[in-house]
Structures are given as structure tokens and as C-alpha cells.
Amino acid sequence: MKLRFTKMQGAGNDFVVIDATQTPVTLSHSQIQHIANRYLGVGCDQLLMVEATDTPGVDFRYRIFNADGGEVEQCGNGARCFVRFVVEKGLTNKHEIRVETASGLITLMLQADGQVTVNMGAPRFIPAQIPFEAAAQATTYTLPLAGETVTISAVSMGNPHAVMLVDNVHTAEVATLGPQIESHPRFPQRVNAGFMQVLNEHEINLRVYERGSGETLACGTGACAAAVSGIQLGTLQSPVKVHTRGGILTIQWAGADAPVMMTGPAEIVFDGEIDI
Ligand SMILES: N[C@H](CCC[C@H](N)C(=O)O)C(=O)O
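Residues numbered from 1 in each chain as written. Predicted model: local features only at pLDDT ≥ 70, side-chain atom pairs only at ≥ 80, totals over all residues. Heavy atoms only, no water.

- As recorded by an unreviewed UniProt entry, the protein chain carries the name Diaminopimelate epimerase and is attributed to Methylophilus medardicus.
- UniProt lists a comment for the protein chain under the heading Catalytic activity (unreviewed entry), and it reads "(2S,6S)-2,6-diaminopimelate = meso-2,6-diaminopimelate".
- For the record of the protein chain, the UniProt heading Function (unreviewed entry) holds the text "Catalyzes the stereoinversion of LL-2,6-diaminopimelate (L,L-DAP) to meso-diaminopimelate (meso-DAP), a precursor of L-lysine and an essential component of the bacterial peptidoglycan." (UniProt positions renumbered as here; feature names shortened; annotations may be inferred.)

Here it is, written out as C-alpha cells:
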């Protein structure tokens, strides 16, 4: 079957976007893995499926699949690319869009300067809502790994995140600790592992070993998770500028049940077609 797609990236987190608004598209785990494969397929961190919806007041539905083929609840950089996609492809003339995701409704706004702001909803810290197995809710938890015990914060942005403070992201053991945290048994649905270096109360460096995709150049929900964790710990204040390997994201959060607002870039790279 020939599948048309649009390759996109947001702060270096890259996506294959499928327009399934006219005709539903169903892809198997292995088909998604093939498309995401950087040697045998197109190559991407996640595949985004854009679908129509008849939910009143909602413009689209958008589904997210990691490179390992698993469907997940939320993707921040993907949400920004989704907006750029539906506007550039003429699927809407709105610049403020309501969209259904597996973790609920989010609102996205295409700014005049081309950046996109996403209302990511409120963070969730209750362990059962992450989900994370813990005796009680806390701002930090100790997590025994193979060779050492690390201290993490745990938060959901619709998808699960563990955030660890490091002195220097460039020397952080992302490749060894990332997979151990990702598949730690206390995270029953696995977890995205963030490594955060605080530069000052309004700036961090961040690397994320993503659930189902490995380290990416940027992780939007990871940037939200790191910023809100730092604000909860009292080391950060909103707004937080998040320096990732692929670009800069700005996170705003007023605390408590306030929504997390994320602003950043979203670009179309090329259109293509793949035989799957
Ligand atoms: N790997 C994530 C999904 C993609 C999130 C990331 N690409 C973002 O921009 O938020 C997960 O399994 O929850």
C-alpha cells in the first residue's frame, strides 16, 4: 500500500504525519516500526495520525505512536507540528484549535511569529495518575537502579515522566540510566526519563530518554515535566526556558491545577510517499 506522509520536526523531535481526515488509516505495530526505522523506512521519533472527529466543539483527533509502535497518550512537540500541519495543508482556517488526544482535550494556538503555544493541561503528581508505584505522594522519590540509587521527581503530562537533576547534561549517563529508568518496574506503563541541569531559576538544560523511542533531540512533555518539577522543588520559577539539543522551548505554569503552557517551533521538512 502507498502511504503519503509529511515529515516534520519540532525542536529536532521528528515526526511522520499522516492525514487520515478523509480516509481512516490503520497501521500495525510492525508497519509503524518500519516507517520509524531510520535505515529501512522514513525515520522518526513518533508517527502522528491526524483524524476527523464529530465531537462538538472539537476540530480534530490526533493519535501518537512511538517508534516502537506503541500508541501513547500525549506528545508536546507533536502537538505543535500537528497545528502547523493542519493549517499549512488547508485542513482548517482556524489558528486556535481544539483537539482530542488519548489523554483528553488540548488547545493549540499558532502565533503570528510562527511559534506554536499549546495548553498542555494541568500536571498530575498523584502516583496512581502517573502511574508510579509509591507509598505516598512526594516531591522526590529514590529509585534503586542496577548500579546506583537515583533521586527523581514523578509527574504526568498525560504521559508519564521521571525527572532527575544532574550537574551537567552533557556528561549525564543518559544512555545507561535512561533505559533502566524507562523500564523500571515501579512505572507499570514505563516512563520518559528526563535529565535536568538547572542553569538559573528561569533556565534549564534538558535531555530526555523517551519511552518507546530512546533519546530524542527534544521532548515537549518532558520539558513541561522538568519545568513543573523544578517549580515544585522551589529551584525554578515560571517562565522556564528549556534548552534542548534540538532547540528552545518556553514553559509557563502558575502552579497547582493551572495548565502548563508550552511554546516552541514546528516545521514541515518534506512530503513523501512510502510503500508499506
Ligand atoms: N515518548 C513519549 C511520547 C512522545 C513525547 C514527546 N515526543 C513529546 O514531545 O512530548 C511517551 O511515550 O510518552
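**Comments concerning empty space enclosed by the protein**
Item 1. One pass over the structure, following the stated rule, counts two cavities of 30 Å³ or more.
Item 2. Looking at the largest cavity, it is lined by 16 residues, and the ones nearest its centre are Q74, C75, N159, E210 and T221.
Item 3. Looking at the lining of the largest cavity, the elements that each hand over two or more residues are strand 4 (60-66), helix 2 (76-88) and helix 4 (220-233).
Item 4. Class assignment of the residues belonging to the lining of the largest cavity gives a composition of four nonpolar, 10 polar and two charged.
Item 5. Two domains each donate at least three residues to the lining of the largest cavity, and these are domain 1 (2-120 + 265-275) and domain 2 (140-258).
Item 6. Size it by volume and the second largest cavity reaches roughly 40 Å³.
Item 7. Forming the boundary of the second largest cavity are L206, R207, V208, T216, L217, A218, C219 and T244.
Item 8. Looking at which element gives the most residues to the lining of the second largest cavity, the answer is strand 13 (residues 203-210), with three residues. (1 Å grid on protein atoms, 1.4 Å probe; cavity = no way out; pocket = protein on both sides within 12 Å on 5 of 7 lines; lining within 4 Å. Points joined across faces, edges and corners; volume = space filled by probe spheres on them. Helix = DSSP H or I, 4+ residues; strand = E, 2+ residues; numbered from the N terminus. Nonpolar A, V, L, I, M, F, W, Y, C, P; charged D, E, K, R; others polar. Domains from an automatic or database assignment.)

**A closer look at the nonpolar core**
Item 1. F82 and L108 are the most contacted members of the largest nonpolar core, which totals 52 residues.
Item 2. For this core, the element with the highest residue contribution is helix 2, accounting for seven residues.
Item 3. Excluding anything up to four places from it in sequence, L108 contacts A79, R80, F82, V83, H95, E96, I97, V99, T117 and V118.
Item 4. Formed by 21 residues, the second largest nonpolar core is a distinct cluster that contains I130, L145, A154 and V169. (Core = buried A, V, L, I, M, F, W, Y, C linked by side-chain atoms within 4.5 Å. Buried < 20%, exposed > 50% of the residue type's maximum accessible area, 1.4 Å probe, protein only. Contact = heavy atoms within 4.5 Å.)

**Describing the domain arrangement of the protein chain**
Item 1. With domains assigned, the protein chain is organised as domain 1 (2-120 + 265-275) and domain 2 (140-258).
Item 2. Computed over C-alpha atoms only, the centres of domain 1 and domain 2 are separated by 23 Å.
Item 3. Each partner contributes residues to the interface: domain 1 has 19 residues there, and domain 2 has 22 residues.
Item 4. Of the roughly 1,300 Å² buried between domain 1 and domain 2 on both sides combined, carbon and sulfur atoms contribute 46%. (Buried area = accessible area lost by both parts, 1.4 Å probe.)

**Quick look at the packing of aromatic side chains**
Ring pairs (aromatic) are described by centroid distance and by the angle formed between their planes.
Item 1. A full pass over the atoms with the stated rule returns six aromatic pairs.
Item 2. Each residue in the set F60, Y62 and F82 is aromatic and connected to the rest through ring pairs, giving one cluster. (Phe/Tyr/Trp six-rings, centres within 6.5 Å; stacked < 30°, edge-to-face > 60°.)

**Let's talk about the UniProt feature "binding site: substrate" (unreviewed entry) in the protein chain**
Item 1. UniProt feature "binding site: substrate" (unreviewed entry): in the numbering of this structure it lies at N13, Q46, N66, G76, N77, N159, N192, E210, R211, G220 and T221. If you take the residues mentioned a moment ago, the ones lining the largest cavity come down to N13, Q46, N66, G76, N77, N159, N192, E210, R211, G220 and T221.
Item 2. Among the structural elements, N13 can be located in strand 2 (residues 13-20).
Item 3. The residues contacting N13, other than those within four sequence positions of it, are M8, D45, Q46, N77, E210, T216, A218 and C219.
Item 4. Here G220 shows up in helix 4.

**Structural notes on the site of the ligand**
Item 1. Close contacts around the ligand come from 15 residues, with G76, E210, R211, G220 and T221 the closest.
Item 2. The separation between an oxygen atom of the ligand and a polar side-chain atom of R211 is 2.8 Å.
Item 3. The backbone of G220 places a nitrogen or oxygen atom 2.8 Å from an oxygen atom of the ligand.
Item 4. Because more than half of its atoms lie within 2 Å of the grid, the ligand is assigned to the largest cavity.
Item 5. Elements supplying a minimum of two residues to the shell around the ligand: helix 2 and helix 4.
Item 6. Of the residues in the shell around the ligand, the class split is three nonpolar, 10 polar and two charged.
Item 7. Formed jointly, the shell around the ligand draws a minimum of three residues from each of two domains, domain 1 (2-120 + 265-275) and domain 2 (140-258). (Near = heavy atom within 4 Å. Polar contact = N/O pair within 3.5 Å; in protein donor to acceptor, adjacent residues only side chain to side chain. Sits in = over half its atoms within 2 Å of the grid points.)

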